[in-house]
Amino acid sequence: QKEVEQDPGPLSVPEGAIVSLNCTYSNSAFQYFMWYRQYSRKGPELLMYTYSSGNKEDGRFTAQVDKSSKYISLFIRDSQPSDSATYLCAMSARGGGADGLTFGKGTHLIIQP
Amino acid sequence: GAVVSQHPSRVICKSGTSVKIECRSLDFQATTMFWYRQFPKKSLMLMATSNEGSKATYEQGVEKDKFLINHASLTLSTLTVTSAHPEDSSFYICSARGHPRLALDEQFFGPGTRLTVL
């Protein structure tokens, strides 16, 4: 079993829809959970950063972590064509970027105008 | 702020040659730099962690004699793929972590280098 599982997609939704992206993981040592957005030929850009279980909201983005189920989600409300990108979940045991990150494969998201 | 660059962005080389990839933090000092590799349809995989002035720590399964990492300054780390072979063809991406006191305690990623070995 891979450490982090993420459906690579592509996931195609119409503009304005709510998008749900998910990852599952197996390593219970992970305490810090991140979502990155990556456009073609660019490096990953940090979107959301959460510690332990709970919800975090930032504008149209909401990150959820359920450590008991080892399941994390990213919701995007009012999706826009500019949200089309690959979304990578990442996690680590220590915070502050101190550890190398364990990534999912990334989900390719397409928002149709 | 917190920009990381990589050079070159793309390189094609013949089998058996060595290739050097540079990773620079342009507007901050990086206490730690990380090197990742991504094969098609696979996750970004951590290869090694390097701190300025000390030897890199390699992940299990990564050959340290093949992937030489030098972190000579707080703004520059280099990855040299020695005697490259076609199976080394991949997307190599670095990240840099700044000092926590400066609220730069996250990893900022470079744009990546696409290596193709013929």
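Source: prediction; values computed, not measured.

Peer 1: Before we move on, could you go through the overall build of chain B and cite the residues and values that matter?
Peer 2: Across its full length, chain B carries 0 helices and 11 strands. Reading the secondary structure of chain B in the N-to-C direction produces β-β-β-β-β-β-β-β-β-β-β. In terms of overall size, chain B behaves like a compact globule, its C-alpha atoms giving a radius of gyration of 14 Å where 118 residues would be expected to give roughly 13 Å. With the principal axes as the frame, chain B shows a C-alpha extent of 45 × 25 × 25 Å. Residues classed as buried in chain B amount to 50% of the 118 residues present. Contacts spanning at least 24 positions in sequence make up 54% of the contacts within chain B whose residues lie at least 6 apart.

Peer 1: Which residues make up the packing of aromatic side chains, and what values do they have?
Peer 2: Overall, the coordinates contain 11 aromatic pairs over all chains when judged by the stated rule. Each ring, one from A:Y32 and one from A:Y49, has its centre 6.1 Å from the other, and the planes form 45°; the classification is tilted. On the criterion of sequence distance, the pair formed by A:Y32 in strand β4 (residues 32-38) and A:Y49 in strand β5 (residues 45-51) is long-range, its members being 17 residues apart. Judged by its relative accessible area of 23%, A:Y49 is partly exposed. Judged by centre distance (6.3 Å) and plane angle (40°), the ring pair of B:F67 and B:Y92 falls under tilted. With a gap of 25 residues between them, B:F67 in strand β7 (residues 67-73) and B:Y92 in strand β9 (residues 90-97) connect regions that are remote in the sequence. Under the relative-accessibility criterion, B:F67 is labelled buried at 3%. Ring pairs connect the aromatic residues A:Y36, A:F103, B:Y36 and B:F109, which therefore count as one cluster.

Reading guide: rules and limits
- Note that residues are indexed from 1 along each chain, following the sequence as it is written.
- Here every chain gets a letter starting at A, and every ligand a number starting at 1, in the order they are written.
- Given that this is a predicted model, residues contribute local features only at a pLDDT of at least 70 and side-chain atom pairs are listed and counted only at 80 or more, while totals for whole chains, interfaces and linings are drawn from all residues.
- The basis for every side-chain value is the complete set of heavy atoms in the structure, and neither hydrogens nor water enter the calculation.
- What counts as a helix is a DSSP run of H or I of at least four residues, what counts as a strand is a run of E of at least two, and both are numbered from the N terminus.
- To get the radius of gyration, use the C-alpha atoms; to get the globule rule, take the number of residues to the power 0.38 and multiply by 2.2 Å.
- Classification of residues uses two cut-offs on accessible area relative to the type maximum, computed with a 1.4 Å probe and protein chains only: under 20% is buried, over 50% is exposed, and between them is partly exposed.
- The contact criterion used throughout is that any non-hydrogen atoms of two residues lie within 4.5 Å.
- Pairs were defined over the aromatic rings of Phe, Tyr and Trp, the Trp ring being its six-membered one, requiring ring centres within 6.5 Å. Orientation was assigned from the angle between planes: stacked under 30 degrees, edge-to-face over 60, tilted for the rest.

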